[in-house]
Amino acid sequence: MTKPITVWLTPSDPNPWKVRSQLRNYPLTQLTPPHQVITIDDVKKPPFTNINPNGRVPVYDTNHHLTYPTLPEKHLLNQYLHFQMSGEDPYYGQCRWFNVLDPAKIPDAINRYVKEVHRVLGVLNTILEGRTWLVGEKCTFADLSFVLWNCQLHMILRMKEGYPKVRDWDGRMVGRESWRKAMVIREGLIRGQGLEVSGMPKGEGNIVEYEELIAPGEGKMC
């Protein structure tokens, strides 16, 4: 019997859900790979770092449902994945911090990261001209690596318009049954921790309020 894949995740963190959603993206004609989910508060501490010292969850797809075995597609997948890791992920995260969570509201920092988010969106919008997916004719791990941070744009930028190609592409991904099922699980886990889907505790508006909430001997949760 095949040993199940173990998915370690923190419910509010976008990155582990790239793996969780991809495990559900196998064709309906085939069984979803056997897997179990373990919820953990901090991927940078044991027991998770005993398994992966880098604090990351990899995905391995041998049947190429979400990959390509051919060139140049194989290299293009890596190219776009690295763009997500070096462009979208850090800049969206910093923008969320300075524009939403940080009570100090530092104008220079906000302007810098808002501009970077718009730059990334502009690059993606250009790439997607005349395309349905980033690589080839199917949804791959490269596409799915972007989607959860895209889902937070309404919170990060309060953005309602612009980048139509990105919006259409994102809509195709979030409309997939496999993605919807993964997000239902994610939301349930987040709510179970007393958090909003954004990752903030219910009723807390910024990081100072959150730190007061969890401060030993002072917070409401202690």
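Here, the structure is the one placed above.
Residues numbered from 1 in each chain as written. Predicted model: local features only at pLDDT ≥ 70, side-chain atom pairs only at ≥ 80, totals over all residues. Heavy atoms only, no water.

Trainee: I would appreciate a short explanation of the overall build of the protein chain in the present structure.
Mentor: When you go through the protein chain residue by residue, the secondary structure sums to nine helices and two strands. Along the protein chain, helices (α) and strands (β) appear in the sequence β-α-β-α-α-α-α-α-α-α-α when read from the amino end. By residue count, 43% of the 222 residues in the protein chain fall in the buried class. Taking all contacts inside the protein chain whose residues are at least 6 apart in sequence as the whole, residues at least 24 apart take part in 67%. Counting only carbon and sulfur atoms, one obtains 55% of the accessible surface of the protein chain, whose full area is about 12300 Å². (Helix = DSSP H or I, 4+ residues; strand = E, 2+ residues; numbered from the N terminus. Buried < 20%, exposed > 50% of the residue type's maximum accessible area, 1.4 Å probe, protein only. Contact = heavy atoms within 4.5 Å. Areas by Shrake-Rupley, 256 points an atom, 1.4 Å probe, with all protein chains shown as cover.)

Trainee: Sorry if this is basic, but what is going on with the nonpolar core here?
Mentor: The nonpolar side chains of soluble globular proteins are, as a tendency, buried together. In terms of nonpolar packing, the biggest core is built from 39 residues, with Tyr 92, Leu 124, Leu 134, Leu 157 and Trp 169 touching the most fellow members. For this core, the secondary-structure elements that each account for two or more residues are helix H3 (73–101), helix H4 (107–127), helix H5 (141–150), helix H6 (153–156), helix H7 (164–174) and helix H8 (177–192). A total of nine residues in this core trace back to one element, the largest contributor, which is H4. Apart from the residues lying within four places of it in its own chain, the contact partners of Trp 169 are Leu 124, Leu 128, Thr 132, Trp 133, Leu 134, Asp 143, Phe 146 and Asn 150. (Core = buried A, V, L, I, M, F, W, Y, C linked by side-chain atoms within 4.5 Å.)

Trainee: What should I look at first to understand the pattern of salt bridges in this one?
Mentor: Close approach of charged atoms lets side chains of opposite charge pair. Enumeration according to the criterion identifies three salt bridges in this entry. Between Glu 177 and Lys 181 there is a salt bridge, and its shortest N-O distance comes to 3.1 Å. Of this pair, Glu 177 and Lys 181 both sit in helix H8, separated by four residues, roughly a single helical turn. For Lys 181, a relative accessible area of 40% gives the class partly exposed. (Salt bridge = Lys/Arg side-chain N within 4 Å of Asp/Glu carboxyl O.)

Trainee: I would appreciate a short explanation of the environment of Val 114 in the present structure.
Mentor: The topology assignment puts Val 114 in helix H4. On a C-alpha basis, the gap between Val 114 and Leu 157 in space is 7.3 Å, while along the polypeptide they are 43 residues apart. Dropping the residues within four chain positions of it, Val 114 is found in contact with Cys 95, Asn 99 and Leu 157.

Trainee: Would you mind going over the environment of Trp 97 with me for this structure?
Mentor: Tracing the sequence through the fold places Trp 97 in helix H3. You can call Trp 97 partly exposed: its relative accessible area is 30%.

Trainee: Would you explain the packing of aromatic side chains in this entry?
Mentor: Two numbers describe a pair of aromatic rings. These are the distance of the centres and the angle of the planes. Across all of its chains, the model carries four aromatic pairs by this definition. Relative to Phe 146, the ring of Phe 83 lies with its centre 6.0 Å away and its plane at 50°, an arrangement referred to as tilted. With Phe 83 in helix H3 and Phe 146 in helix H5, this pair connects stretches of sequence that are 63 residues apart. For Phe 146, a relative accessible area of 0% gives the class buried. The lysine or arginine in question, Lys 138, covers the ring of Tyr 68, its NZ or CZ lying 4.5 Å from the ring centre. (Phe/Tyr/Trp six-rings, centres within 6.5 Å; stacked < 30°, edge-to-face > 60°. Lys NZ or Arg CZ within 6 Å of the ring centre and 35° of its normal.)

Trainee: What am I meant to see in H7 here?
Mentor: Considered for burial, the residues of H7 that qualify are Val 166, Trp 169, Asp 170 and Met 173. The buried residues of H7 occupy an angular sector of 100° when the element is viewed end-on, so they sit on one face. Looking at the packing, one finds that the buried side of H7 touches H4, H5 and H8. (Arc of directions from axis to C-beta.)

Trainee: Which parts of the structure should I look at to understand the side chain of Glu 88?
Mentor: Relative to the elements of secondary structure, Glu 88 occurs in helix H3. Judged by relative accessible area, Glu 88 falls into the buried class, the value being 0%. If sequence neighbours within four positions are ignored, Glu 88 has contacts with Phe 83, Gly 93, Val 120, Ser 145, Phe 146, Trp 149 and Asn 150.

Trainee: Quick question: what am I supposed to make of the packing of H5 against H8 here?
Mentor: In helix packing, the relevant descriptors are the interaxial angle and the interaxial distance, both defined with respect to the helix axes. Closest axis-to-axis distance for the H5/H8 pair is 13 Å, and the angle between their directions is 40°. If you check the angle between H5 and H8, you find them oblique. Considering the relative orientation of H5 and H8, their crossing is right-handed. Between H5 and H8, the contacting residues are Leu 144, Val 147 and Leu 148 on the first element and Trp 179, Met 183 and Arg 186 on the second. (Axes fitted to C-alpha atoms, helices over the stretch in contact; angles between N-to-C directions. Parallel < 35°, antiparallel > 145°, perpendicular 65-115°, else oblique. Left-handed = near helix turned anticlockwise from the far one by under 90°.)

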